[in-house]
Structure formats: structure tokens, C-alpha cells
Amino acid sequence: MKKIGIMGGTFDPIHYGHLMTAEAVRDEYKMERVIFIPAANPPHKAGTMITPAVHRFNMTLLATCSNPYFEVSDIEMRRRGPSYTIDTVQELINTHSSNTEFYFITGADAVQELPTWDRIEELLSICQFIAATRQGCIPDVDAIKKHFGTLGEKRIHRLATPELEISSTNIRNRLKKGYSIKYILPESVEQYIRKEHLYLT
Ligand code: NAP
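Residues numbered from 1 in each chain as written. Predicted model: local features only at pLDDT ≥ 70, side-chain atom pairs only at ≥ 80, totals over all residues. Heavy atoms only, no water.

**Thoughts on the pattern of salt bridges**
Proximity of charged atoms lets side chains of opposite charge pair with each other. Put simply, the rule reads: By definition here, a salt bridge exists when the distance from a side-chain nitrogen of Lys or Arg to a carboxyl oxygen of Asp or Glu is within 4 Å. When accessible area is computed with a 1.4 Å probe and restricted to protein chains, residues below 20% of their type maximum are described as buried, those above 50% as exposed, and intermediate ones as partly exposed. Only DSSP runs of H or I covering at least 4 residues are called helices, and only runs of E covering at least 2 are called strands; the numbering of each starts at the N terminus.
Per the stated rule, a full pass over the model turns up 13 salt bridges. Its salt-bridge partner being Arg-33, residue Glu-32 comes within 3.0 Å of it at the nearest N-O pair. Note on Glu-32: relative accessible area 37%, which makes it partly exposed. Taking the shortest distance from any N to any O, the salt bridge between Arg-33 and Glu-71 comes out at 2.9 Å. Here the residue Arg-33 occupies a position in strand E2 (residues 33-38), and Glu-71 occupies one in strand E3 (residues 70-72), the gap between them amounting to 38 residues.

**Overview of the sheet that holds strand E6 (residues 156-160)**
To be explicit about the condition: Strands are labelled as partners when DSSP assigns at least two bridges between them. The axes used here are C-alpha line fits, helices contributing only the stretch in contact, and every angle between their N-to-C directions lies in the interval 0 to 180 degrees.
What the 6 strands build is an open sheet, ordered E3-E2-E1-E4-E5-E6; its pairing is parallel. The sheet is open, and its two borders are formed by E3 and E6, each paired with just one other strand. Between one strand and the next, the sheet's axes are offset by a mean angle of 25°, whatever the strand orientation. Pairing of strand E5 (residues 128-133) with E6, which is carried by 5 bridges, proceeds in the parallel orientation. From the neighbouring strand, Ile-130 faces E6, where its bridge partner is His-157.

**Some points on helix H9 (residues 187-195)**
In plain terms, the rule: Throughout, the arc means that of the directions going from the helix axis to the C-beta atoms. The criterion used for residue contact is that any of the two residues' heavy atoms lie within 4.5 Å.
Restricting attention to buried positions, one finds in H9 the residues Val-189, Glu-190, Tyr-192 and Ile-193. Looking down the long axis of H9, one finds its buried residues gathered within 160° of arc, a one-sided arrangement. Away from its buried face by more than 90 degrees, H9 exposes Glu-187, Gln-191 and Lys-195. Among the structural elements, helix H2 (53-64) and helix H8 (168-177) are those in contact with the buried residues of H9. In the stretch just after H9, His-197 is the one whose phi turns positive, near 55°.

This is the structure we're talking about:
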């Protein structure tokens with residue numbers, strides 16, 4: 001079986017924490033590649049102000065283009081309505097050979113909300129999950145694994161990523177206050193943010 005990582009997130013904006021996490025997972029699980037998929041309409045963020053998907057997609061492209069194992073997909077931008085992960089994974093399964101195993105990589109905070117996700121049991125049966133944990137999140141991932149019983153024990157994994165101390169929220173707040181964001185995200189992404197006047201309000 002070949003393994004492909006699906007790096008799902010709002011990426012508002014993408015930063016080195018995301019990039020280091022994706023590379024650490026690829027390395028650890030010996031994945032063929034990692035596909036970054038910016039969520040066009042994150043289901044749990046309806047009514048929340050997020051940056052237009054085209055900007056988040058462009059920043060993700062800029063951030064990942066130097067890594068030959070990374071690619072970016074607009075699969076969720078081409079679909080209307082909420083970006084349910086089950087629809088995304090099913091579309092990927094339909095367009096890849098049957099000897100491919102998919103791993104959805106996301107933050108442990110997001111994984112804690114799994115019981116509320118659309119058709120979650122079905123999703124867990126077709127794709128594994130890797131929860132990137134910040135310090136302090138470890139017991140919560142265990143609780144979620146238990147919640148789903150054998151399925152959870154087998155298909156939800158945890159990877160400690162201290163690099164995730166960086167957060168998109170923190171970057172947005174720094175920009176609003178006029179603080180530097182150097183060395184937290186790629187320079188090309190910073191230039192894009194400045195050129196497009198993002199995160200000023
Ligand atoms: P979020 O709630 O903004 O993020 C939760 C936490 O996880 C944040 O601390 C975030 O840090 C971190 N995080 C997000 N993506 C990450 C990644 N790929 N690797 C490491 N850490 C990450 O979550 P989100 O980004 O909006 O959503 C995560 C994914 O879950 C998206 O693909 C979304 O579509 C999917 N989702 C699906 C459903 C559903 O199908 N019903 C429901 C909820 C979420 P940063 O803020 O620094 O990124």
C-alpha cells in the first residue's frame with residue numbers, strides 16, 4: 001500500500017508549524033507525498049470571518065512549492081457548500097489507485113471535535129487520522145480514541161509536534177498590532193500578506 005497524507009486546515013495563514021508537522025508526518029509514516037487542502041468553507045466556522053479561500057490557497061502554494069513531496073489541491077474550492085472532509089476523502093479515493101491508504105493530518109484541537117463531524121464513522125473507516133499535538137493535548141486525544149472504540153484505537157494516531165506552538169491566531173493578532181511575523185512563516189507568505197493587505201483589521 002502506498003501512503004498519502006492529506007493536510008487539512010483553514011491555513012489562515014499557513015505557517016512553519018504546519019509545514020514542519022507535514023514533513024515530520026511524511027517522514028515518520030514514509031508517505032509518498034502530502035496533499036495540502038485548504039478548507040474552502042470549514043463546516044465548524046460558518047458565520048466566522050475567514051480570509052477568502054483564494055488567498056489561503058495562494059499562500060499555501062507559496063509555502064509548499066520548494067518541497068517536492070508537497071502538493072496543494074483546490075478540491076474543496078471547486079465544491080459548493082460546507083467543506084465536509086468525508087466528501088474530500090471520497091473524491092480522492094475515487095481518483096487514486098485502490099492500493100492507496102489516506103491519512104488525514106490535522107491539529108489535535110480539531111481532532112477533539114471529531115464526534116461532531118459529518119458521517120464520522122464512515123470517514124474513520126476509509127481514512128486514518130493523525131492528530132498533531134501541542135503540549136498538554138495528549139490526554140484529550142486518548143479520550144477521543146476511546147470514544148470510537150476499536151475503530152478509534154486503530155485509526156486515530158498522535159504525533160507530538162512541539163513546532164505547533166506557532167498558531168495562525170497568534171500571527172493574525174501580531175499583524176493587527178503591527179508586530180513582526182518574521183521567522184514564523186515563509187518570507188514569500190509574508191510578502192503576499194503585505195501585498196494583499198491581509199489581517200490588518
Ligand atoms: P481549527 O479549528 O482552525 O484548528 C484547530 C487547531 O488545529 C488549531 O490549533 C490549528 O492551528 C490546528 N491545525 C489546523 N490544521 C492543522 C494541521 N493541518 N496541522 C496541524 N495543526 C493544525 O481547524 P481547521 O483548520 O479549521 O480545520 C481542520 C480540518 O478539519 C479542515 O480540513 C476542516 O475542513 C476539517 N473539519 C472538517 C469537519 C467536517 O467534515 N464536518 C469539521 C471540522 C473540521 P492553526 O490555527 O495554527 O492552524
